[in-house]
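Analysis of the macromolecular model
So the chains spell out like this:
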Amino acid sequence: MVDGLTCEHVVTRTVRDCAAVLDATAGPAPGDPYGIEAPARPYLQELSRPPGRLRIAYSTKSPLGNDVERSCQDAVLDAARLCADLGHEVEEAEPEADLRGILESWRATWFAAAHLDVDLATPFLAGRPLAEDDLEPLSRAIAARGRTVSVLDYQMAAIKRHTEARVIGRFHETFHVWLTPTLAWPPVPIGAYTGAA
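Residues numbered from 1 in each chain as written. Predicted model: local features only at pLDDT ≥ 70, side-chain atom pairs only at ≥ 80, totals over all residues. Heavy atoms only, no water.

1. Concerning the overall build of the protein chain
Secondary structure assignment for the protein chain yields 6 helices and 3 strands. When the helices and strands of the protein chain are read in sequence order from the N terminus, they spell out α-α-β-α-β-α-α-α-β. Overall, the protein chain is about 55 × 40 × 35 Å in size when its C-alpha atoms are taken along their principal axes. Out of the 197 residues belonging to the protein chain, those deemed buried represent 23%. A separation threshold of at least 6 residues defines the contact pool for the protein chain, and within that pool the share at least 24 residues apart is 78%. Within the structure as shown, the protein chain displays about 13,700 Å² of accessible surface, and the carbon and sulfur contribution to it stands at 58%. Treating the 19 positive side-chain charges of the protein chain as one cloud and the 28 negative ones as another, the clouds have centres 2 Å apart. (Helix = DSSP H or I, 4+ residues; strand = E, 2+ residues; numbered from the N terminus. Buried < 20%, exposed > 50% of the residue type's maximum accessible area, 1.4 Å probe, protein only. Contact = heavy atoms within 4.5 Å. Areas by Shrake-Rupley, 256 points an atom, 1.4 Å probe, with all protein chains shown as cover. Lys, Arg positive; Asp, Glu negative; His and termini not counted. Charge placed at Lys NZ, Arg CZ, Asp CG, Glu CD.)

2. Things to note about the sheet that holds strand E2 (residues 89–92)
Read from one edge of the open sheet, 3 strands run E2-E1-E3, paired in parallel fashion. Each edge of the open sheet carries a strand with a single partner, namely E2 and strand E3 (177–179). Averaged over all pairs of adjacent strands, the angle between strand axes in this sheet comes to 25°, irrespective of strand direction. By the bridge criterion, 3 bridges tie strand E1 (residues 55–58) to E3 in an arrangement that is parallel. Bridge pairing in E3 links Tyr-58 to Leu-179. (Pairing = 2+ DSSP bridges. Axes fitted to C-alpha atoms, helices over the stretch in contact; angles between N-to-C directions.)

3. Focus: the packing of aromatic side chains
For any pair of aromatic rings, geometry is given as the distance between the ring centres together with the angle between the planes. For the coordinates displayed, the defined rule picks out 4 aromatic pairs. Grouped by ring-pair contacts, the aromatic residues Trp-106, Trp-110 and Phe-111 constitute a single cluster. (Phe/Tyr/Trp six-rings, centres within 6.5 Å; stacked < 30°, edge-to-face > 60°.)

4. Describing the packing of helix H4 (residues 99–126) against helix H5 (residues 137–146)
Helix-helix packing: each pair is described by the crossing angle between the helix axes and the interaxial distance. Axis separation between H4 and H5 bottoms out at 7 Å; the angle between their running directions is 105°. In terms of orientation, H4 and H5 fall into the roughly perpendicular class. Facing Trp-110, Phe-111, Ala-112, Ala-114, His-115 and Val-118 of H4, the residues of H5 in contact are Ile-142, Ala-143, Arg-145 and Gly-146. Its residues placed into classes, the contact of H4 with H5 shows 7 nonpolar, 2 polar and 1 charged. (Parallel < 35°, antiparallel > 145°, perpendicular 65-115°, else oblique. Nonpolar A, V, L, I, M, F, W, Y, C, P; charged D, E, K, R; others polar.)

5. Some remarks on the pairing of E1
Alignment of E1 against E2, held across 4 bridges, turns out to be parallel. The residue of E2 that forms the bridge with Ile-56 is Val-90.

6. As for the pattern of salt bridges
Summed over all chains, the structure comprises 14 salt bridges. Residue Arg-128 is joined to Asp-134 by a salt bridge in which the shortest nitrogen-to-oxygen separation is 2.8 Å. Note that Lys-160 and Glu-164 form a salt bridge whose closest N and O atoms lie 3.0 Å from each other. Here Lys-160 pairs with Glu-164, and both are found in helix H6 (residues 151–174), just 4 residues apart, close to one helical turn. Assessed through its relative accessible area of 24%, Lys-160 is described here as partly exposed. (Salt bridge = Lys/Arg side-chain N within 4 Å of Asp/Glu carboxyl O.)

7. Some thoughts on a nonpolar patch on the surface
The grouping of Val-15, Leu-44 and Leu-47 at the surface amounts to a nonpolar patch, some 240 Å² of accessible area in total. Assignment of secondary structure puts Leu-47 in the loop between helix H2 (43–46) and E1. (Patch = residues over 30% accessible without salt bridge, like charges linked within 9 Å, V, L, I, M, F, W, Y side chains within 5 Å.)

8. A look at the side chain of Gln-73
Positionally, Gln-73 belongs in helix H3 (residues 70–85). Here Gln-73 falls in the buried class, since its relative accessible area comes to 18%. From its side chain, Gln-73 meets the backbone oxygen of Val-68 in a polar contact 2.6 Å long. Excluding its chain neighbours within four sequence positions, the residues that come into contact with Gln-73 are Thr-60 and Val-68. (Polar contact = N/O pair within 3.5 Å; in protein donor to acceptor, adjacent residues only side chain to side chain.)

9. Some details on the packing of H4 against H6
Relative to each other, H4 and H6 sit at 140°, their axes nearing to 9 Å. By the angle between their axes, H4 is oblique relative to H6. You can see that H4 and H6 cross each other, and the crossing is left-handed. Contact residues: Leu-99, Gly-101, Ile-102, Ser-105, Ala-108, Thr-109 and Ala-112 in H4; Tyr-154, Ala-157, Lys-160, Arg-161, Glu-164 and Ile-168 in H6. (Left-handed = near helix turned anticlockwise from the far one by under 90°.)

Below, the structure is given as structure tokens:
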């Protein structure tokens, strides 16, 4: 886990498989800094329970103000229409959070975590220093940026994320789901990113 930003799980082929694994592994371990409220019933049972009428917000815009390719916008609109056809209440809306600020705080945390992984954790686990070709160039560049993140930068990033999380949390008191483009353009081939972070 990187300061609550990520957690390890498994790759599954179906929602049912994911629910079964969650039933077997969900819940914080003693001493974990983060946890969620325990479900009222097993996740597998939730799959057969009607969700009711959900309030769903959608936005086709990038939170950073970048252009979003038409096909990515269309994917959001298709999902919104499907949700409306299923009987859910759907409207265009987005939280009034500083999404660019969240991105910058996330970058500081991510870069610092990459520095930790590349310079300490991975060589320890491998039992040897990393060779030049053990990592893709982008991974090396991200780790290098992480070496420049100060303790103060890291703490300020955490404060920013927690502050904006409260704004987004209030948004989700109104909306159950927020649909957005996953990417601003279609996926690129593996290895396409070779430059600096």
